[in-house]
Amino acid sequence: MKVYIEFVIIDNLVLTASIAGLSYAVTGKRVHKRRTLIASVLGTALSVTYPFWLLPTPLLVIAKIAIGILLAIILFARLEHPLLGIILFFVMTGAVGGLCLFVNFIAVGNIASALLGAPVLPYCVPSAIGAISFFTARTALRVAKRRRTHSAYVYDVFVTLGGKTVGMKGYLDSGNMLYDDAAGLPIVVAKLSSLERAFGRREIISLIGGHKRIDSVNGSAGKLFLVRPEKFLLYSGGKMNTYSDVMLGVCERGFARAEDMLLHPSIIGG
């Protein structure tokens, strides 16, 4: 079988870079491109020379571990939690190597041949496995982080109107600086559609005690219908907080977010 050295070099470069990227992603760090380039080039240069190393198997294993430690140090030296980064570099190496082994097993159909025989994967397939692993993991981690960040601003809210209490979802809107002009109470903007589903349109209309004109970002004028709840409960800081000094600003058009309400910053943590 002919071995095309350029494809071997490409596979090693991409695999090392992908493993480095995975290690950075799992530790929550941005990819350090210069470090990744240095580690990839050095790792590839050493990998290409492996067949010429005339060492006993135990020493060969030790040498490869030492090279892995060197590459990990290049990637994580002087960064926060370098030991964790080094450990994760080896974990990610094992994970990507395991994926390549699994694909090789599928190709040969025999686990012994996959473990002990020569790899039969076409050139650049290992590169594809490494790259797909990196981009998939990075995307999944970003989505998870975005959801965690989002959930930090979403609160469970319980509103009582006409003697009836209903649970809803509220989103902390730092841009909501609305106050009722007459009573000086902070306004929680609520979707009319959400309140109608919970309490009925007739009940909401009967409780409207006024309105407040507002200006949107695009300059158009709007109107909030004001309803004062009998009780407003919000779960925050590990406890349930009860508010009697909150005004609901019922928004007929609604807003883009999926939650039922846009909470006023002044009521959080009270």
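Residues numbered from 1 in each chain as written. Predicted model: local features only at pLDDT ≥ 70, side-chain atom pairs only at ≥ 80, totals over all residues. Heavy atoms only, no water.

(A) Region of interest: the packing of aromatic side chains. Under the defined criterion, the tally for this structure stands at six aromatic pairs. Plain terms: the ring middles of phenylalanine 89 and phenylalanine 90 are 6.2 Å apart, the flat faces sit at 85 degrees to each other, and that makes the pair edge-to-face. On the basis of relative accessibility, which here comes to 34%, the residue phenylalanine 90 falls in the partly exposed class. Pairing tyrosine 153 with tyrosine 171 gives two aromatic rings, centres 6.1 Å apart and planes at 35 degrees, and the pair type is tilted. Taken as a pair, tyrosine 153 in the loop between α6 (125–151) and β1 (154–161) and tyrosine 171 in strand β2 (residues 164–172) lie far apart in primary sequence, 18 residues in all. Take tyrosine 171: its relative accessible area is 18%, and that puts it in the buried class. Over the face of the ring belonging to tyrosine 50 we find lysine 64, whose NZ or CZ atom lies 4.7 Å from the ring centre. Across from the ring centre of phenylalanine 255, 4.9 Å away, lies the NZ or CZ of lysine 191, which sits over that ring. (Phe/Tyr/Trp six-rings, centres within 6.5 Å; stacked < 30°, edge-to-face > 60°. Buried < 20%, exposed > 50% of the residue type's maximum accessible area, 1.4 Å probe, protein only. Helix = DSSP H or I, 4+ residues; strand = E, 2+ residues; numbered from the N terminus. Lys NZ or Arg CZ within 6 Å of the ring centre and 35° of its normal.)

(B) Structural view of the pattern of salt bridges. Tallying each qualifying case throughout the model produces three salt bridges. For arginine 201, the salt bridge goes to glutamate 196, with nearest N and O atoms at 2.2 Å. Look at glutamate 196 and you get partly exposed, because its relative accessible area is 24%. Notably, a salt bridge pairs glutamate 259 with arginine 257, separated by 2.9 Å at the nearest N-O pair. Residue classification places glutamate 259 among the buried residues on the basis of a relative accessible area of 8%. (Salt bridge = Lys/Arg side-chain N within 4 Å of Asp/Glu carboxyl O.)

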